[in-house]
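Chain residues, written in single-letter form:
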Amino acid sequence: MPLKTVDATLSTFNAVFEKFKSEAANNKTNLILFLADNEPSTNRSWCPDCVRAEPVIYKKLESSGDDVALLRAYVGDRPTWRNPHHPWRVDSSFKLKGVPTLVLWENGEVKGRLEDHEAHIEKKIESLIATK
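Residues numbered from 1 in each chain as written. Predicted model: local features only at pLDDT ≥ 70, side-chain atom pairs only at ≥ 80, totals over all residues. Heavy atoms only, no water.

Filter applied, for reference: UniProt positions are given in the numbering used here, feature names are shortened, and annotations may be inferred rather than shown by experiment.
Looking at an unreviewed UniProt entry, one finds the protein chain named Thioredoxin-like protein Clot, with Tagetes erecta as its source organism. Word for word, the UniProt comment on the protein chain under Function (unreviewed entry) is "Probable thiol-disulfide oxidoreductase that may participate in various redox reactions." Quoted verbatim from the Sequence similarities (unreviewed entry) field of UniProt, the annotation for the protein chain is "Belongs to the thioredoxin family."

### Examining the sheet that holds strand β2 (residues 29-35)
For clarity, the cut-off: Strands pair, by our definition, only if DSSP identifies at least two bridges between them. Starting at the N terminus, helices and strands are each numbered in turn, a helix being any DSSP run of H or I of at least four residues and a strand any DSSP run of E of at least two. Under this scheme, a helix contributes an axis fitted over its contacting stretch, all axes are lines through C-alpha atoms, and angles between N-to-C directions fall in the 0 to 180 degree range. When checking whether two residues touch, look at their non-hydrogen atoms; a contact exists if any pair is within 4.5 Å.
Here five strands make up an open sheet; going across it, the order is β1-β3-β2-β4-β5 and the pairing mixed. The open sheet has two edge strands with one neighbour each: β1 (3-8) and β5 (109-114). Here the average twist between neighbouring strands, direction ignored, is 25°. Here β1 runs beside strand β3 (residues 68-74); their pairing, made up of six bridges, is parallel. Counted as the bridge partner of Ala-8 is Ala-73 from β3. Helix α2 (residues 48-62) contacts β1, β2, β3 and β4 (101-106) of the sheet and is inclined by roughly 165° relative to β2.

### Observations concerning the nonpolar core
Stated precisely, the cut-off is as follows: Buried Ala, Val, Leu, Ile, Met, Phe, Trp, Tyr and Cys residues form a nonpolar core when they are joined through side-chain atoms within 4.5 Å. Think of it in three bands: with a 1.4 Å probe and only protein chains considered, a residue is buried below 20% of the maximum accessible area for its type, exposed above 50%, and partly exposed in between.
Residues Leu-31, Ile-32, Phe-34, Ile-57, Phe-94, Val-99 and Leu-102 are the most contacted members of the largest nonpolar core, which totals 40 residues. Looking at this core, the elements that each hand over two or more residues are α1 (13-22), β2, α2, β3, β4 and α5 (122-130). Apart from residues no more than four positions distant in its own chain, Leu-102 is found in contact with Leu-31, Ile-32, Leu-33, Ile-57, Leu-70, Gly-112, Arg-113, Leu-114, Ile-125 and Leu-128.

### Let's talk about the pairing of β4
Most of β4 sits out of view: six of its six residues are buried. Neither face of β4 is left uncovered, since the one carrying Thr-101, Val-103 and Trp-105 and the one carrying Leu-102, Leu-104 and Glu-106 both have all their residues buried. Looking at chain direction, β4 and β5 are connected through five bridges and run antiparallel. Along β5, the bridge assignment pairs Leu-102 with Leu-114. What sits between the antiparallel neighbours β4 and β5 is a turn of two residues, in which Asn-107 has the positive phi angle 50°.

Listed below in structure tokens is the structure:
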């Protein structure tokens with residue numbers, strides 16, 4: 001089962017993240033993808049960079065052939081994300097500045113990341129995964 005995906009919101013993240021960490025040793029690569037929520041009226045992300053990056057990220061991960069775990073963490077609606085005190089903006093591990101952000105999680109810490117302006121670039125995704 002090459003790509004295992006699990007989703008979390010702000011309210012469910014801690015529990016989902018604990019399970020993700022406890023299963024990390026079973027996977028060759030563990031990634032966290034921080035994304036914008038979908039707009040209820042359109043069922044599309046309010047974040048154009050997320051719309052552009054998601055298909056590219058999924059394509060690269062699905063074609064990797066390795067056991068990859070992907071935790072998709074949804075940051076909330078636009079006003080929630082814009083709050084400078086958003087929990088993942090101020091978290092000492094994640095220090096998010098933008099979405100999407102793809103994080104390589106290894107040995108209990110962030111080992112690499114692609115931020116909003118680069119998360120859609122195939123070669124950068126390949127390089128991030130190859131650092132494992």
